[in-house]
There are 2 protein chains.
Amino acid sequence: MTINEKITFTETSPEDRSLAIREALRNAIIDRRLTPGTKLSESEVGSLFDVSRTVARAALQMLAFEGLVKTERNRGAFVSNPSPEEAKQIFASRRLIEPGIVAAAIERITPADIEQFRRQLEEEERYMNERGPAARRAEIKASGDFHLMLASVAGNLILQKFMDELVARSSLVIALYGRSGVSSCGHAEHSAILDALEKGDGRQATQLMIHHIDHIEADLDLQLKQGLGLKDALALT
Amino acid sequence: MTINEKITFTETSPEDRSLAIREALRNAIIDRRLTPGTKLSESEVGSLFDVSRTVARAALQMLAFEGLVKTERNRGAFVSNPSPEEAKQIFASRRLIEPGIVAAAIERITPADIEQFRRQLEEEERYMNERGPAARRAEIKASGDFHLMLASVAGNLILQKFMDELVARSSLVIALYGRSGVSSCGHAEHSAILDALEKGDGRQATQLMIHHIDHIEADLDLQLKQGLGLKDALALT
DNA sequence: AATCCCAAGATTGCATACGATTTATCCACA
DNA sequence: TGTGGATAAATCGTATGCAATCTTGGGATT
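The following refers to the structure shown. Bear in mind that the values here come from a model prediction, so they are computed numbers and not experimental data. (Residues numbered from 1 in each chain as written. Chains lettered and ligands numbered in written order. Predicted model: local features only at pLDDT ≥ 70, side-chain atom pairs only at ≥ 80, totals over all residues. Heavy atoms only, no water.)

**Looking at the pattern of salt bridges**
- Considering all chains together, one arrives at 40 salt bridges over all chains under this definition.
- When the shortest N-O distance is used, the salt bridge between A:Arg53 and A:Glu42 registers 3.0 Å. Taken together, the residues span a long stretch of sequence, with A:Arg53 in helix α3 (residues 53-65) and A:Glu42 in helix α2 (residues 42-49) at a distance of 11 residues.
- Note that B:Arg118 is salt-bridged to B:Glu198, the shortest N-O span being 2.6 Å. Of this pair, B:Arg118 sits in helix α5 (residues 111-129) while B:Glu198 sits in helix α8 (residues 186-199), and the two are 80 residues apart along the sequence.
- With a relative accessible area of 26%, B:Arg118 lands in the partly exposed category.
- By sharing partners, the salt bridges in this structure join A:Lys70, A:Glu86, A:Glu165, A:Arg169 and B:Lys161 into a single network. (Salt bridge = Lys/Arg side-chain N within 4 Å of Asp/Glu carboxyl O. Helix = DSSP H or I, 4+ residues; strand = E, 2+ residues; numbered from the N terminus. Buried < 20%, exposed > 50% of the residue type's maximum accessible area, 1.4 Å probe, protein only.)

**Section: the relation of the copies chain B and chain A**
- At an RMSD of 0.1 Å, chain B and chain A line up after a rotation of 180 degrees and a shift of 0.1 Å along the axis. In symmetry terms, the pair is related by a two-fold rotation axis.
- When you check the interface residues of chain B against chain A, 100% turn up at the interface there too, and the contact is symmetric in its surfaces. (Least-squares fit on C-alpha atoms with pLDDT ≥ 70 in both. Contact = heavy atoms within 4.5 Å.)

**Looking at the protein's contact with DNA strand C**
- Around DNA strand C, the surrounding shell holds 18 residues, and the nearest of these are A:Arg57, B:Arg17, B:Ser52, B:Thr54 and B:Arg75.
- Restricting the count to atoms of DNA strand C within 4 Å of the protein gives a sugar and phosphate share of 75%.
- With respect to DNA strand C, the backbone of A:Glu42 contributes an N or O atom lying 3.2 Å from a phosphate oxygen.
- Between DNA strand C and A:Asn74 there is a distance of 3.5 Å, counted from a sugar or linking oxygen to a backbone nitrogen or oxygen.
- Put simply, the parts of the chain that give the surface near DNA strand C at least two residues each are α2 and α3 of chain A together with α3 (53-65) of chain B.
- If you tally residues by element for the surface near DNA strand C, the top one is α3(B), at three residues.
- Taken together, the residues of the surface near DNA strand C break down into two nonpolar, seven polar and nine charged. (Near = heavy atom within 4 Å. Polar contact = N/O pair within 3.5 Å; in protein donor to acceptor, adjacent residues only side chain to side chain. Nonpolar A, V, L, I, M, F, W, Y, C, P; charged D, E, K, R; others polar.)

**Notes on the sheet that holds strand β1 (residues 39-40) of chain B**
- If you trace the three strands from one edge of the open sheet to the other, you get β1-β3-β2 (chain B), paired in antiparallel fashion. Strands at the two margins of the open sheet, each flanked by one partner only, are β1 and β2 (69-72) of chain B. (Pairing = 2+ DSSP bridges.)

**Describing the protein's contact with DNA strand D**
- Taken together, 18 residues lie near DNA strand D, and A:Ser52, A:Thr54, A:Arg75, B:Arg53 and B:Arg57 sit nearest.
- Taken together, the sugar and phosphate atoms account for 76% of what DNA strand D places within 4 Å of the protein.
- Side-chain polar atom of A:Arg17 to a sugar or linking oxygen of DNA strand D: 3.1 Å apart, as the coordinates give it.
- Note that a phosphate oxygen of DNA strand D is positioned 2.4 Å from one of the side-chain N or O atoms of B:Arg57.
- For the surface near DNA strand D, the secondary structure elements donating two or more residues are α3 of chain A together with α2 (42-49) and α3 of chain B.
- In terms of residue count, α3(A) provides more of the surface near DNA strand D than any other element does, three residues in total.
- Tallied by class, the residues present in the surface near DNA strand D amount to two nonpolar, seven polar and nine charged.

**A word on the packing of helix α6 (residues 133-154) of chain A against helix α8 (residues 186-199) of chain A**
All names here are of chain A.
- Two elements in contact, α6 and α8, have axes whose closest approach is 11 Å; the angle formed by their N-to-C orientations is 20 degrees. If you check the angle between α6 and α8, you find them roughly parallel. Viewed along their axes, α6 and α8 form a crossing whose handedness is left-handed. Counting all contacts with α6, which are made through Ser143, Phe146, His147 and Leu150, the residues of α8 involved are His190, Ile193 and Leu197.
- Taken together, the residues of the contact of α6 with α8 break down into four nonpolar, three polar and no charged. (Axes fitted to C-alpha atoms, helices over the stretch in contact; angles between N-to-C directions. Parallel < 35°, antiparallel > 145°, perpendicular 65-115°, else oblique. Left-handed = near helix turned anticlockwise from the far one by under 90°.)

**Looking at the interface of chain B and chain A**
- Every contact between the two is made by 28 residues of chain B and, on the other side, 28 residues of chain A.
- Approximately 2,300 Å² of surface area, both sides summed, lies buried where chain B meets chain A, with 61% of it carried by carbon and sulfur atoms.
- Of all residues in chain B, the largest losses of buried area upon contact with chain A belong to B:Phe65, B:Leu96 and B:Ile158, amounting jointly to 28% of the total for that side.
- The tally of links between chain B and chain A comes to two salt bridges.
- Between B:Glu165 and A:Lys161 there is a salt bridge; the shortest N-O distance is 2.9 Å.
- Elements with a contribution of two residues or more to the side of chain B that touches chain A: α3, α4 (84-108) and α7 (157-177) of chain B.
- Broken down by element, the side of chain B that touches chain A gets its largest block of residues, nine residues, from α4(B).
- Across the side of chain B that touches chain A, the residue classes break down as 13 nonpolar, six polar and nine charged. (Buried area = accessible area lost by both parts, 1.4 Å probe.)

**Remarks on the pairing of β2(B)**
- Bridging between β2(B) and strand β3 (residues 76-79) of chain B involves four bridges; their strand directions are antiparallel. Across the sheet, B:Glu72 pairs through a bridge with B:Gly76, a residue of β3(B).

**Observations concerning the environment of B:Arg118**
- Between the C-alpha atom of B:Arg118 and that of B:Leu194, which follows or precedes it by 76 residues, the distance is 8.2 Å.
- Contact partners of B:Arg118, with chain neighbours within four places excluded, come to B:Leu194, B:Asp195 and B:Glu198.

This is the structure:
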């Protein structure tokens, strides 16, 4: 797979172009337009975005830092190919952090937030009922955005950054090991969590969140490719 | 404050020099040899380590990503000056993550690990009983290393990276807002946590960890400088 | 036919150069 | 004496060039 479609800037970036490129690549990765193993060469990225290798390189470095990209010395950058072990660690981390985020969010959530969440869930549902890869991608993205909005409401910027990374990497993991239509039940669970938040029932909200994460991970097929280090390497190129 | 002492490479780095520079600067920051607000100009860092601005810049970008350094466009990089609000968020994050790390560590800790922890605690104690700024610095570093070792034993690389960041940033916070001789009681608490781990008493170990974090945060003076945005800005230069 | 080796091409690692922006200095002027 | 503005210095943002390293393809040898 190569980068064949022109990736558009979502906004005119007056400055800090490497940040904009990072965002564009991030979106492409969590959208699965760039699949694990895809090579991201500095010159190719640079010419796609009409910048020099220097700034392309900076964007790739940032992505490497958050684990979405792996760089090999003198070889280049590749979209990460998380191992089952990594996948487990990602979800273990989420199980640790997200209940805390729910607990913090329930203290700070406002009616306006609730309203925004409802709109978000409607969007999820809309994509859920559509067919086609584009809708599927949008659904995955919207599903992740629910968790990120929650982190945003919680009001802890550090945890928010961690969740940014974890949600993005989860998306990669689901792309690799996902078994079914990802969030067919996920959407209902998001709804239930939001209901609990609205009622102010923190205990239930955190419980629902834990189960939600359990369900996402349960939908993965982490055993199959466990011992296939060689095949993984082959899949890389 | 300027960078006036030659910072030595801990190891001969055959390659990936930016990583080595990042490590050296990281250590200098958590050791408080570089205090919050210190400017880290690309050329200065570069010439100190005998590299070009390109690689110095890469190191600074990494530090900015983990929150130890803040960059301002066209102005440069400065050692972070965390606000009281940031400090609270850092400790809130630790309260969320570290109990989970303790719980994971107790499942995996080996007698060899215990032995290593004991040696680590002896070192803490040695520095605690010494006087002088160098010993104080070493004590702070050793105290943080206890938490990082725990994260390492827990075996989750993602959480380990998060803790790396949180411990380093905590060190900055303590430098800014710390009230007393930091870990006079901290050492005893580390010992107690280790004892609980050795006994296999997970419930007690996590409780002790939570209290330990509470105590560290309680030792901070976060109210005083809360409204002084202006003075903070002044302290920057 | 399979294997090994070497050279050509491609890509990264790094240094340097130049324009843009910010900061500092100094002089004019009120 | 203090203020304003213009010029100079310093620093960053970015592009580009060269050397080092890796990959690839072809040809010779067994």
